Amino acid sequence: MAVASLAPASRATGAAADPVSEREVDYYESLPGARIQCHVCPLDCTLEDGQTCFCRTRTNVSGRLRTRAYNNPCALRVEAIEKTPLNHFRPGSKCLTLGVGGCNARCLYCQNWEQSQALPEEVARFELTPQRAVQAALDRDIDTIAFNYTEPVAFLEYALDIAKLAKTRKLNVVCATAGFINPDPLIEFAKYVDAFVVTIKGFNETFYHDVLGIRLAPVLLAVKTIRQRTASWLEIAHLIVPAHNDDLKQTRELCAWVCSEVGPTTPVHLARFVPAYKLDTLPQTPVPVLEEALRAARQTGLKHAYLANVAPHPAANTCCPRCSRPLIERGGFDVLKRSDDHGQCPGCRLTLPGVWD
Ligand code: SF4
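Predicted, not measured: the structure shown is a model, and the values here were computed from it. (Residues numbered from 1 in each chain as written. Predicted model: local features only at pLDDT ≥ 70, side-chain atom pairs only at ≥ 80, totals over all residues. Heavy atoms only, no water.)

1. Describing the site of the ligand
Alright, step 1. Taken together, Cys38, Val40, Cys41, Leu43, Asp44, Cys45, Cys53, Phe54, Cys55 and Arg58 make up the full set of residues adjacent to the ligand.
Alright, step 2. Among the residues forming the shell around the ligand, the class breakdown is eight nonpolar, no polar and two charged. (Near = heavy atom within 4 Å. Nonpolar A, V, L, I, M, F, W, Y, C, P; charged D, E, K, R; others polar.)

Laid out in structure tokens, this is it:
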């Protein structure tokens, strides 16, 4: 996914132009000798004075943890909400989407690695306060702000302040994340987030360790936390990477876990891999492999399994799980036709789960 931006008001590109911001991180503890331990994500980094963390966005400044990822997004675009991907949250609407450099994972196939695997001040960026981000959405008659492209956990303080302000202006807030975050900051953030898409990137710890550099168990905990302890709408994404996580057994296990722990009506997006970064010599996921995974997902009992990054394909449509009638027909990320009535099937009158208007 390219991350070109809307015309920025003031662009900065130098390596030294962004100081560590004044915004303090909310979740950390002080240790003796000006050391601190961050508790935003499950890495729980311990940092010496002056040290910058694994996610590249938080620095220990004289015993206080400050974020470098504040007021300095590297991307700001108007997108279809389907691109998040969200298919059951206000389908066909637009969102103002932003991301900031840095990430707390190390995915070998990251599509936005030039931004995610860098300090926020090392990438092309521009100044945008939370007030101006919200105003930018209002000026464009866009009623949703999205956090995407890079990992919102890495710029959580900025995302949280934007989200809080957005809610005061009656905007929706949505977030695409890898879900590698501790429960307390997640629950606080979710108070201001209407919908999450969490990517469960695989279903074993070896894959998470070798290909992503993080752990699976905290991600599953985050998914359950969103479902059980927040009011946010939830969808799941899963990228199928050839030779790494494309075996049907793993897809079945993942989908069965979603069915039993999160619920069979949770939308699941099975996405096609596109070669990038350190896995740029792999092929794209073949469509028959995706279709087989889709069949397996449905066999586990999932009611709303989709294919993503494959256009056009009928598996992008939202269909009634009872009578199979298509309610929302899509061409890629565009809604081509809607025949639902506030999420209700016009044929058998079943109301599908989601936020429809
Ligand atoms: S959010 Fe960053 S500083 Fe905090 S524990 Fe995770 S990687 Fe470390």
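2. A closer look at the sheet that holds strand 3 (residues 35–38)
Alright, step 1. A sheet is described by the order of its strands in space; here three strands give the open sequence 2-3-4, paired in antiparallel fashion. Each edge of the sheet is formed by a strand with only one pairing partner; in this case those strands are strand 2 (28–31) and strand 4 (46–47).
Alright, step 2. Bridge count for strand 3 against strand 4 is two bridges, and the pairing is antiparallel. In the strand pairing of strand 4, Ile36 is matched with Leu47. (Pairing = 2+ DSSP bridges. Helix = DSSP H or I, 4+ residues; strand = E, 2+ residues; numbered from the N terminus.)

3. Points about the domain arrangement of the chain
Alright, step 1. Assigned domains of the chain: these are domain 1 (20–67) and domain 2 (75–338).
Alright, step 2. The C-alpha centroid of domain 2 is placed 27 Å from the C-alpha centroid of domain 1.
Alright, step 3. Listed per partner, the contact involves 18 residues of domain 1 and 26 residues of domain 2.
Alright, step 4. Together, the buried faces of domain 1 and domain 2 total about 1700 Å²; carbon and sulfur atoms form 55% of this surface.
Alright, step 5. At the boundary of domain 1 with domain 2, the tally comes to two salt bridges.
Alright, step 6. The salt bridge partner of Arg58 is Glu157, with a shortest N-O separation of 3.2 Å.
Alright, step 7. Counting every contact that joins domain 1 to domain 2 gives twelve residue pairs in polar contact (both at pLDDT 80 or more).
Alright, step 8. Of the residues contributing to the side of domain 1 that touches domain 2, the split by class is eight nonpolar, four polar and six charged. (Domains from an automatic or database assignment. Contact = heavy atoms within 4.5 Å. Buried area = accessible area lost by both parts, 1.4 Å probe. Salt bridge = Lys/Arg side-chain N within 4 Å of Asp/Glu carboxyl O. Polar contact = N/O pair within 3.5 Å; in protein donor to acceptor, adjacent residues only side chain to side chain.)

4. Some thoughts on helix 8 (residues 287–299)
In an α-helix, one turn spans 3.6 residues, which is why side chains three or four residues apart end up on the same side.
Alright, step 1. With 13 residues, helix 8 should reach 18 Å at 1.5 Å per residue; the first-to-last C-alpha distance of 18 Å fits that figure.
Alright, step 2. Those residues of helix 8 that fall on the buried side of the exposure criterion are Leu290, Ala293, Leu294, Ala296 and Ala297. End-on, the buried residues of helix 8 take up no more than an arc of 165°, which puts them together on one face. Opposite the buried face of helix 8, by more than 90 degrees, sit the exposed residues Pro288 and Gln299.
Alright, step 3. If you follow the buried residues of helix 8, they end up packed against strand 13 (233–240), helix 7 (248–262), strand 14 (268–272) and strand 15 (305–308).
Alright, step 4. One or two positions beyond helix 8, positive phi appears at Gly301, with a value near 115°. (Expected span 1.5 Å × (residues − 1). Buried < 20%, exposed > 50% of the residue type's maximum accessible area, 1.4 Å probe, protein only. Arc of directions from axis to C-beta.)

5. Remarks on helix 3 (residues 156–168)
Alright, step 1. Spanning 13 residues, helix 3 covers 18 Å between terminal C-alpha atoms, matching the ideal 18 Å at 1.5 Å per step.
Alright, step 2. Along helix 3, the positions that sit buried rather than exposed are Leu156, Glu157, Tyr158, Ala159, Leu160, Asp161, Ile162, Ala163 and Ala166.
Alright, step 3. One or two steps after helix 3, the chain reaches Lys170, where phi turns positive at roughly 60°.

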